[in-house]
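Structural overview
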Protein chains: 4
Amino acid sequence: MAGNEFPFMKEALSVVVIGASGDLAKKKTYPSLFSLYTSGFLSDSNIICGYARSKMTDDEFRDKMRPFLIKHGTDEQVESFLRLCTYSAGGYDDAKAMSVAAAKLETHEAQQTSSKANRVYYFAIPPNVFTDVAAIIKEVGMSTTGWTRVIVEKPFGKDSESFEQLDRSMSAIFTEDIVYRIDHYLGKEMTQNLSSLRFANTFLEPIWNRNHISSVMITFKEDFGTQGRGGYFDQYGIIRDVMQNHLIQVLTLFAMEPPTKFVGAGSEISEHVRDEKVKVLRAFDPVRLDEVVLGQYLGNEEEPGYKEDKTVPDDSVTPTYAAVVFRINNPRWDGVPFIMRAGKALNERKTEIRIQFKRPPASTFMFETDVPANELVVRVQPGEAIYMKTNVKEPGLSNDIVTTELDLSYKKRFQDTYSQLPDAYTRLILDTLRGDKSSFVRDDELRESWKVFTPLLKSIEEKKIELIPYEYGSRGPAQADELIMRVGFKYTGTYKWHD
Amino acid sequence: MAGNEFPFMKEALSVVVIGASGDLAKKKTYPSLFSLYTSGFLSDSNIICGYARSKMTDDEFRDKMRPFLIKHGTDEQVESFLRLCTYSAGGYDDAKAMSVAAAKLETHEAQQTSSKANRVYYFAIPPNVFTDVAAIIKEVGMSTTGWTRVIVEKPFGKDSESFEQLDRSMSAIFTEDIVYRIDHYLGKEMTQNLSSLRFANTFLEPIWNRNHISSVMITFKEDFGTQGRGGYFDQYGIIRDVMQNHLIQVLTLFAMEPPTKFVGAGSEISEHVRDEKVKVLRAFDPVRLDEVVLGQYLGNEEEPGYKEDKTVPDDSVTPTYAAVVFRINNPRWDGVPFIMRAGKALNERKTEIRIQFKRPPASTFMFETDVPANELVVRVQPGEAIYMKTNVKEPGLSNDIVTTELDLSYKKRFQDTYSQLPDAYTRLILDTLRGDKSSFVRDDELRESWKVFTPLLKSIEEKKIELIPYEYGSRGPAQADELIMRVGFKYTGTYKWHD
Amino acid sequence: MAGNEFPFMKEALSVVVIGASGDLAKKKTYPSLFSLYTSGFLSDSNIICGYARSKMTDDEFRDKMRPFLIKHGTDEQVESFLRLCTYSAGGYDDAKAMSVAAAKLETHEAQQTSSKANRVYYFAIPPNVFTDVAAIIKEVGMSTTGWTRVIVEKPFGKDSESFEQLDRSMSAIFTEDIVYRIDHYLGKEMTQNLSSLRFANTFLEPIWNRNHISSVMITFKEDFGTQGRGGYFDQYGIIRDVMQNHLIQVLTLFAMEPPTKFVGAGSEISEHVRDEKVKVLRAFDPVRLDEVVLGQYLGNEEEPGYKEDKTVPDDSVTPTYAAVVFRINNPRWDGVPFIMRAGKALNERKTEIRIQFKRPPASTFMFETDVPANELVVRVQPGEAIYMKTNVKEPGLSNDIVTTELDLSYKKRFQDTYSQLPDAYTRLILDTLRGDKSSFVRDDELRESWKVFTPLLKSIEEKKIELIPYEYGSRGPAQADELIMRVGFKYTGTYKWHD
Amino acid sequence: MAGNEFPFMKEALSVVVIGASGDLAKKKTYPSLFSLYTSGFLSDSNIICGYARSKMTDDEFRDKMRPFLIKHGTDEQVESFLRLCTYSAGGYDDAKAMSVAAAKLETHEAQQTSSKANRVYYFAIPPNVFTDVAAIIKEVGMSTTGWTRVIVEKPFGKDSESFEQLDRSMSAIFTEDIVYRIDHYLGKEMTQNLSSLRFANTFLEPIWNRNHISSVMITFKEDFGTQGRGGYFDQYGIIRDVMQNHLIQVLTLFAMEPPTKFVGAGSEISEHVRDEKVKVLRAFDPVRLDEVVLGQYLGNEEEPGYKEDKTVPDDSVTPTYAAVVFRINNPRWDGVPFIMRAGKALNERKTEIRIQFKRPPASTFMFETDVPANELVVRVQPGEAIYMKTNVKEPGLSNDIVTTELDLSYKKRFQDTYSQLPDAYTRLILDTLRGDKSSFVRDDELRESWKVFTPLLKSIEEKKIELIPYEYGSRGPAQADELIMRVGFKYTGTYKWHD
């Protein structure tokens, strides 16, 4: 890849971070912008303008940001990057303040050699002020010579109804083509790799279907709880917080049909992947309540339970664990259960996709033993890896079957680049600058995914589903294991991946 | 595997090595028997009787053998093993001498607790005395209480005619069920693993066919020449010496249809694999002379050429290199070229199977780049490994496709057992003791394989095919590369497997 | 099907036929409306208003229409249908005249029990007045209580540019959801059946791909020429007149991926099929000029040649015959040639899809004869039929292979309904009333299909392709046969379908 | 087919029918020989010698045979055929009598121009005299200049044990290569066609497996009972009488893997099909008693029940109906139930193979209706036909799915030849003359098939399985329907094949 060829790099560029003094901005947005700067995708001729309600001078703002950058580059790089960073204070509905900020941009843009000046607005703010900010940008902040793009962050609603409401107000202001909805799972190395893996290899697509795959399991595990900040989480719960956005993205990329193209000129290329994601979502069955297990963690000797978090209501029915089975009604997947599991305060931290294949046909007869099922595992984090559990003859004088794996651990195989894998945000901001929307969430995707989840969420709120307590640090409710075995997943005891 | 359960271990056993003073006996037969002894498959109650023309006492024979054993066990193990070894001198057609040897066996067998005494005769002798030895064994050497099995070594003829002649004489003496024809390639770890790999995994069989595989290439390379002992080789040439026996075994195991069973009670189980190997051989097309490249090496600055070997005739037309394309007329393989390459005095030493898959369909359009073909490589030696060349997104900010591999290197993955992988002969002698004939060559297999090769060999003798000179230490004739590209193999320049 | 359940039947309905005195209206629109009336889909409470420039009374108009209806029903039915038909004269840009017509509709609608009154405008007019008429309907003719739908007829442009121009003007007036673009091939029984055939049967989809299909040929043959009315045709030529609209519709339905759904509630259902048609069009390669054969017919002893038609310019380079090869870059079709052939003044009249399968693998070896390829033929007209050319053992004492067919001739199998198969227009007008847009052409479909054809058409106009003369009543240019054999189609001489 | 090219036609030929005065000889053997005569495969230079215990002159024998021939040819043909027929009386163990008969053959053979004289012995006798007759033929009846072939008729044992006994005695006399075991089902047009259908067509093999086929059902129904001659039947029962021979032959031809070749020079060609039939039999699971339903018919108002047949013991536990599920442990069929049903005194007469495919995946979702499964039906008798139950759009204005069929009815399609389809015996005797053994039953086939059936038969004799009464003329026990639905077969009510 020769980054310096991207067209946007030859034009003027202003980045405006709305909510610049908040946590997201400090922890993700600015470090990612810095990373693009050190990689040469942003240059000294660009300007990065912070905007938030607190009053600060540019230098005060820079001092605030500096600690979040220093670990990502040399002092020199940090200082030259900070020189690009300015700050403007203003309310989220204050068009005048915004026009002041915009005036600064214009002044800067006018000094550039390119006659075309592009702008990115990054919304590092809560959704309740999205519309206000959008309105004032529309009023005074749009680029008149180049493109304007707006990056927004989840949550995009809490259910179908709230999403539609938000979408209506936003789309009254911005057309869909300038809105970039970030889900940072779409920026992860393994998520981005899924399509290459599937469509740039001959040996996977022929088995990527109901004839050969027994089940697909997408697992998200965190080994910590809410850590005293459960108040926000309690409004959403694990299904909204992890499944409806992150994991459904992974699932749709996994399950979609081949898109027309991944690479090519023309803005419609970005839509091909998203078209397919929408298409597969439309084929989902409603979730059946008997294929859902929900849990909420209790404390153990060392760690508090969920409701012991002071910010969580005592009568909270918010699940911190969920196992849900999805069913996709298309010729490829009819009959294959897609199991999604997500939980906090579990025994380990990992996100992975696990494809369990059907047993080799007649193998029990041929080998007079129970031949274990193959599994293809795509480990999203930590320790990016792809491995296929493979059966071979036990080496030596034995003729027994033993399970080992064909392995591709990124840490081992890509030693040079592994430690420098960019953060998901870095990739996605770069995609925004390049105008590649394929890794952003489109409005109709959200519409369809809320259709899948909303009835389930309603049922939870109406307490139609039991909330099973599980211990902090455990594997989660035993009922979840029962559920996944019931739909066909087979645990094969002895195998252990050699990381 | 619990070796101590094999039925033969509870019965008396005598092993007779015919040609015990020869090279093969010293380098392979006795070390392998010793290895079975140290692994517990042979015991102190067994007897191993050497038989050859030279006169020697038992102790003189033991002294002769000792140097070939010491590196494979402790001194104590060597000495206790040698105590089992006796020696009888006799001509290969001397029934009286053989009856003396047999009398010794009987005496020993009579001392055992089991009323059943089994015998293995290992023919470490040239084929011209096979029939003589067989005749005297049949006359005086057969076990009367248990089974008798005869292990014979290649060559099994030089062409269809000589094979049929040999087979007629042998089969007039021994029924097929007691003859164990060794081809040591069938005892190699990766050859033995081929069936497990194919039939104990779900993800390979669906792509193991003409729809997905573009070509299969089996390569045997040696990085040394005849080393002054080319006289024997010159009578056979690379096609007989390597292809018609070793590589055709690998090819048939690769290409055969699923056998009924691999494991199970009943002597017919051994036949299932051999039935399938014969079946696939029957579907071979005659080799076309325009799909053959033959070579003979010339010397380079350091090493002499083939004809510079004193034992090789000056006008030798014996190929030391061959590339041959086979075509199999069955529904699975119709249209897929099977390329076999074997050569001496080349640039490296290795034996491997390389399956090249068709390009991912439409990938050039989807990714706007030439996506490399997947290859599954089974490395037979050295460094046993299986790896699938796999395309992924280049890690990092790029979206390019890069080829890496899903890897299973035995050295890395099976660290404990790798250094102790048994020699092929050890496995095969154990199979003989167990009565498992699946890794031995059946008469009809030889019949069919000679049918495939004999017309080609005749054409070579009639000088219908040009013999291309190539330099010692080179990759062999360039015409071979042209041939394999002509039948569809694609070299993909930049990829390098990380051993 | 229980037609009386459709929601539109419970509401008021007015149909306005613009261009009511023209050929299309008389030959297709009114007879189809009459057919809907006799089938019970239109009722005595509906009103059908003709609109055109000629001045006429209602009765004069009825007298004009009567002859076109009488063969489709009883006298009584004709008369009661004609009672629904009124007429209003007016120019195509005369808003006042249109408001007079609209006032009549309102009066009639007001007398209906339903408070909801729907309107269909059928554009039986040339495209140059589309925009004018659209504008006056938008101004004065839209239903205020129910839906308004507009049916338009091809041509939809002559190339990408003219299409975009037309589309821009129309879409400035009407949103896409109310425009129903008719291509009557989409209303034919076999075209409508294609999706059922593919997706409601298990035995076809597994072979509907590059692994099993060798080529697909879509053929349109007419056994008559321009019959003295070639002037209009000469502006378009066979490619626009037959391929770009009719045959490309058949091809995309044939080749598309499975849509999400065919049946269901919600207006988006109609879009699923059209989404897939657009998707497959996007994967088309540009047509290569060396995969095109064009022809123009000469006269024979009885019939005049194309240029002998007085209405055709003497120097016309308009093709009356074309054979074109299309290539689709997706995983299903990569490598499969799609051959399209269309011609006037040929030896017979028929439209069919012919799927030629690859030879049964290894069959030549197994049967020691050249086993003919299977072909699945979908005969669109005349004589709707589906048949699979199938090989069986020759009945009797022979073991030879003989080709016969598994047959489904509609005339034989559906004797009761066959003679009453509705005209394509009847189906499509009913679909319009039901709001099912799946059999109408969407704007982006046209955009993509013009992208495929425009470069080819430009090349023809720039005379880059030779125009081959062929005789009236012949099979067309021999070069076309050469082309299709070159891309892999195999003629198998002796077989003849038994109609 | 040019029959006059077969090598046997140029050599002398004598046919000896042992048991010439019995029912089989009269009804099948002689009419078939006559049919070969009228078709030109037998000629006036051949001799057909009847041999049986009854004393008769040649003319008396001819008078006896004449009535069985007259309907198969003209008077002239009958008389010239009868002139070839001679008769010799003798006991089945009377070597002297046989040598008298043989002397006649020799005399006749000596008069022929060919120096090579071939002989066929047709055993139209009960199995208990097989060995005796074989012994005297071996002693005095073998051709000394040409080949000798022996055709034997079922039953070949009653279980594994009795088969092995019979086989041992026969194989001590005749080598396997000269024994032709007839099962007349192998001579039926549709049975012979099965391999052409499967392997000479591209569209069936890809779906001929567990991924696409839900179940296979082979049905044999007779609409009459034992008709007062149940004594013989009672010793065998429906399983031996129909399933173990006839239907298992059909099943193995249906289910076998592709043989190496069907056509070609060399006697081994005949073995390829039989090798595959044996192979698939080896993969059968033992029948599970809970997958068997047995019945015995009761009388109805018009017809007597089974035990009312005077020749049947009152306490008979012989089944006259059986439904049995077989399971085949190979990669193609793992998981697919093979249902075999056979019964006497049922509601109709037919033999057919019915392959039920899995439902089109996701079709319920796509079409919002339960799409019926496809079925491929091969009707063996009466009315040979192949048809594929196919779903199409209901013709007309409806979009509903309706089931019809792609049809190949031999009566309609092969009108010329249909009425002359040769009897199974005619084909098989011709195959014997040609030396094509592929349609005869090999000893190891019988061995394997008895292994499948013997445990079941033992269980029946030990009364471990209930015998369900069913009424004469009914569909058989309702429990059979329950069984086949339990293993996955779906009845789809409304469809009816249009014969």
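Residues numbered from 1 in each chain as written. Chains lettered and ligands numbered in written order. Predicted model: local features only at pLDDT ≥ 70, side-chain atom pairs only at ≥ 80, totals over all residues. Heavy atoms only, no water.

**Details of the overall build of chain A**
When helices and strands are counted, chain A shows 15 helices and 15 strands. Its C-alpha radius of gyration of 24 Å places chain A within 12% of the 23 Å reference for a compact globule of 499 residues. For chain A, the spread of C-alpha atoms along the three principal axes comes to 80 × 55 × 45 Å. Per-residue burial over chain A gives 63% buried out of 499 residues. Sequence separation of 24 or more characterises 77% of the internal contacts of chain A that already satisfy a separation of 6 or more. Summing over all exposed atoms, chain A offers an accessible surface of approximately 18700 Å²; the carbon and sulfur share of this is 48%. (Helix = DSSP H or I, 4+ residues; strand = E, 2+ residues; numbered from the N terminus. Rg over C-alpha atoms; globule rule 2.2 N^0.38 Å. Buried < 20%, exposed > 50% of the residue type's maximum accessible area, 1.4 Å probe, protein only. Contact = heavy atoms within 4.5 Å. Areas by Shrake-Rupley, 256 points an atom, 1.4 Å probe, with all protein chains shown as cover.)

**Thoughts on the interface of chain B and chain D**
At the junction of the two partners, chain B supplies 11 residues and chain D supplies 11 residues. Buried surface at the junction of chain B and chain D, summed over both partners, amounts to about 920 Å²; 50% is from carbon and sulfur atoms. The three residues of chain B that bury the most area against chain D are Thr 260, Lys 279 and Arg 282 of chain B, which together make up 53% of that side's buried surface. Across the contact surface, chain B and chain D share 2 salt bridges. Measuring nitrogen to oxygen at the nearest pair gives 2.8 Å for the salt bridge that ties Lys 279 of chain D to Glu 276 of chain B. Partitioning the side of chain B that touches chain D into residue classes produces 4 nonpolar, 2 polar and 5 charged. (Buried area = accessible area lost by both parts, 1.4 Å probe. Salt bridge = Lys/Arg side-chain N within 4 Å of Asp/Glu carboxyl O. Nonpolar A, V, L, I, M, F, W, Y, C, P; charged D, E, K, R; others polar.)

**Comments concerning the interface of chain B and chain A**
Taken together, the contact pairs 69 residues of chain B with 69 residues of chain A. When chain B packs against chain A, the two sides together hide about 5800 Å² of surface, and 64% of this comes from carbon and sulfur. The largest contributions to the chain B side of the interface with chain A come from Phe 203, Met 366 and Leu 397 of chain B, which together make up 14% of the buried area. Our count for the contact surface shared by chain B and chain A stands at 6 salt bridges. Among the ionic pairs, Glu 405 of chain B bridges to Arg 413 of chain A, the shortest N-O distance being 2.4 Å. Put simply, chain B and chain A have 31 residue pairs in polar contact (both at pLDDT 80 or more) between them. Elements with a contribution of two residues or more to the side of chain B that touches chain A: α7 (189-199), α10 (363-367), β13 (385-393), β14 (401-409), α11 (410-413) and α13 (424-434) of chain B. Among the elements that make up the side of chain B that touches chain A, the one with the highest residue count is β13 of chain B (8 residues). (Polar contact = N/O pair within 3.5 Å; in protein donor to acceptor, adjacent residues only side chain to side chain.)

**A closer look at the environment of Ser 363 of chain D**
Inspection of the secondary structure assignment puts Ser 363 of chain D in helix α10 (residues 363-367). When sequence neighbours within four positions are dropped, the list of residues in contact with Ser 363 of chain D reads Phe 199 of chain C together with Glu 368, Thr 369 and Val 371 of chain D.

**Topic: the relation of the copies chain B and chain D**
The two copies are related by a screw motion: chain B maps onto chain D through a turn of 180 degrees and a shift of 0.0 Å along the axis, at an RMSD of 0.1 Å. Both chain copies can therefore be described as sitting about a two-fold axis. (Least-squares fit on C-alpha atoms with pLDDT ≥ 70 in both.)

**A short note on the packing of helix α8 (residues 230-255) of chain A against helix α9 (residues 269-282) of chain A**
Residue and element names in this part refer to chain A. Interhelical geometry of α8 versus α9 gives an angle of 100 degrees and a closest axis separation of 9 Å. Taken together, the axes of α8 and α9 are roughly perpendicular relative to one another. Touching Ile 248, Gln 249, Thr 252, Leu 253 and Ala 255 of α8 are Val 273, Lys 277, Val 280 and Leu 281, all from α9. Split by residue class, the contact of α8 with α9 holds 6 nonpolar, 2 polar and 1 charged. (Axes fitted to C-alpha atoms, helices over the stretch in contact; angles between N-to-C directions. Parallel < 35°, antiparallel > 145°, perpendicular 65-115°, else oblique.)

**Describing the pairing of strand β13 (residues 385-393) of chain C**
Note on strand geometry: in a regular strand, side chains alternate between the two faces of the sheet. All names here are of chain C. With 9 of its 9 residues buried, β13 lies for the most part within the structure. Judged from the 5 bridges that link them, strand β12 (residues 375-381) and β13 form a sheet pairing that is antiparallel. Residue Glu 375 lies in a different strand from β13, and its bridge partner there is Lys 389. Hairpin remark: β12 followed by β13, antiparallel, with 3 residues in the connecting loop; positive phi at Gly 383, about 70 degrees. With 9 bridges connecting them, β13 and strand β14 (residues 401-409) associate as antiparallel partners. Across the sheet, residue Val 392 finds its bridge partner in β14, namely Val 402. (Pairing = 2+ DSSP bridges.)

**Here's the deal with the packing of aromatic side chains**
All names here are of chain A. Summed over all chains, the structure comprises 96 aromatic pairs over all chains. On the numbers, 5.5 Å between centres and 85 degrees between planes, the contact of Tyr 297 with Tyr 472 is edge-to-face. Note that Tyr 297 is positioned in strand β8 (residues 292-298) and Tyr 472 in the loop between β15 (467-471) and α15 (478-486), a separation of 175 residues in sequence. Exposure class is identical for Tyr 297 and Tyr 472. Each is buried. (Phe/Tyr/Trp six-rings, centres within 6.5 Å; stacked < 30°, edge-to-face > 60°.)

**Observations concerning the environment of Thr 191 of chain B**
Residue and element names in this part refer to chain B. Along the polypeptide, Thr 191 turns up in helix α7. Thr 191 sits in the buried class, given a relative accessible area of 3%. When the C-alpha positions of Thr 191 and Val 250 are compared, they lie 6.3 Å apart, and in sequence the two are 59 residues distant. Beyond its immediate chain neighbours, meaning those up to four positions away, Thr 191 contacts Tyr 185, Leu 186, Val 250, Leu 253 and Val 380.

**Digging into the sheet that holds strand β3 (residues 85-89) of chain A**
Residues and elements named next belong to chain A. Taken in spatial order, the 6 strands make up an open sheet running β3-β2-β1-β4-β5-β6, and their pairing is parallel. At either end of the open sheet lies a strand with only one pairing partner, and these are β3 and β6 (179-182). Here the average twist between neighbouring strands, direction ignored, is 20 degrees. Sheet topology note: the strand β1 (residues 12-18)/strand β2 (residues 47-52) ladder contains 5 bridges and is parallel. Residue pairing across strands places Val 17 opposite Gly 50, the latter belonging to β2. Sheet strands in contact with helix α4 (residues 95-110) are β1, β2, β3 and β4 (117-123), and its direction is about 145 degrees off that of β4.

**With respect to the packing of helix α1 (residues 23-38) of chain D against helix α2 (residues 58-69) of chain D**
Residues and elements named next belong to chain D. For the pair α1 and α2, the least separation of the axes is 9 Å and the interaxial angle reads 80 degrees. With respect to each other, α1 and α2 are oriented roughly perpendicular. When α1 is examined against α2, the residues Lys 26, Lys 27, Tyr 30, Pro 31 and Phe 34 are found in contact with a partner set consisting of Phe 61, Lys 64, Met 65, Phe 68 and Leu 69. Its residues assigned to classes, the contact of α1 with α2 comprises 7 nonpolar, no polar and 3 charged.

**A short note on helix α14 (residues 443-461) of chain B**
Since one α-helical turn is 3.6 residues long, residues separated by three or four positions face the same way. All names here are of chain B. Here α14 is 19 residues long and its end C-alpha atoms lie 25 Å apart, about the 27 Å a rise of 1.5 Å per residue gives. Considering bend angle alone, the principal kink of α14 is centred on Phe 453 and spans about 35 degrees; proline Pro 455 follows within four residues of it. Taking burial as the measure, the 19 residues of α14 include 14 buried ones, the bulk of the element. (Expected span 1.5 Å × (residues − 1). Bend = angle between axes of the 7 residues up to and from the residue.)

**Regarding the sheet that holds strand β1 (residues 12-18) of chain D**
Consider a sheet: its strands pair through backbone hydrogen bonds, and that pairing is either parallel or antiparallel. Residues and elements named next belong to chain D. In spatial order, the strands read β3-β2-β1-β4-β5-β6; together these 6 strands make up an open sheet with parallel pairing. The sheet terminates laterally at β3 (85-89) and β6 (179-182), the two strands that pair on one side only. The mean inter-strand angle of the sheet, taken between neighbouring strand axes irrespective of direction, is 20 degrees. Sitting on the sheet, α2 is in contact with β2 (47-52) and β3, with an inclination near 115 degrees to β3.

**Looking at the environment of Lys 490 of chain D**
Within the fold, Lys 490 of chain D resides in the segment after α15 (478-486). For the pair Lys 490 of chain D and Pro 372 of chain D, spaced 118 residues apart in sequence, the C-alpha separation works out to 9.0 Å.

**Observations concerning the side chain of Thr 320 of chain A**
All names here are of chain A. Within the secondary structure, Thr 320 sits in the loop between β8 and β9 (321-327). A distance of 2.8 Å separates the side chain of Thr 320 from the side chain of Tyr 470, its partner in a polar contact. Not counting chain neighbours up to four residues away, the residues in contact with Thr 320 comprise Phe 233, Ile 238, Gly 295, Gln 296, Tyr 297, Tyr 306, Ala 342, Gly 343, Lys 344 and Tyr 470.

**A look at the pattern of salt bridges**
For the structure on display, the rule yields 184 salt bridges over all chains. Residues Arg 62 of chain B and Asp 59 of chain B are paired through a salt bridge, measuring 3.0 Å at the closest nitrogen-oxygen approach. Taken together, the positions of Arg 62 of chain B and Asp 59 of chain B, both in helix α2 (residues 58-69) and 3 residues apart, correspond to about one turn of that helix. With a relative accessible area of 14%, Arg 62 of chain B lands in the buried category. The exposure class of Asp 59 of chain B is partly exposed, given its relative accessible area of 47%. Close ionic contact of Glu 189 of chain D with Lys 393 of chain C constitutes a salt bridge, the shortest N to O distance being 3.5 Å. Here Glu 189 of chain D is found in helix α7 (residues 189-199), whereas its partner Lys 393 of chain C is found in strand β13 on a different chain. For the pair shown, Glu 189 of chain D and Lys 393 of chain C are each scored as buried. Counted as one network, the salt bridges with shared partners bring together Lys 221, Glu 348, Lys 350, Glu 352, Arg 354, Glu 375 and Lys 389 of chain A.

That is the geometry; function is a separate question.
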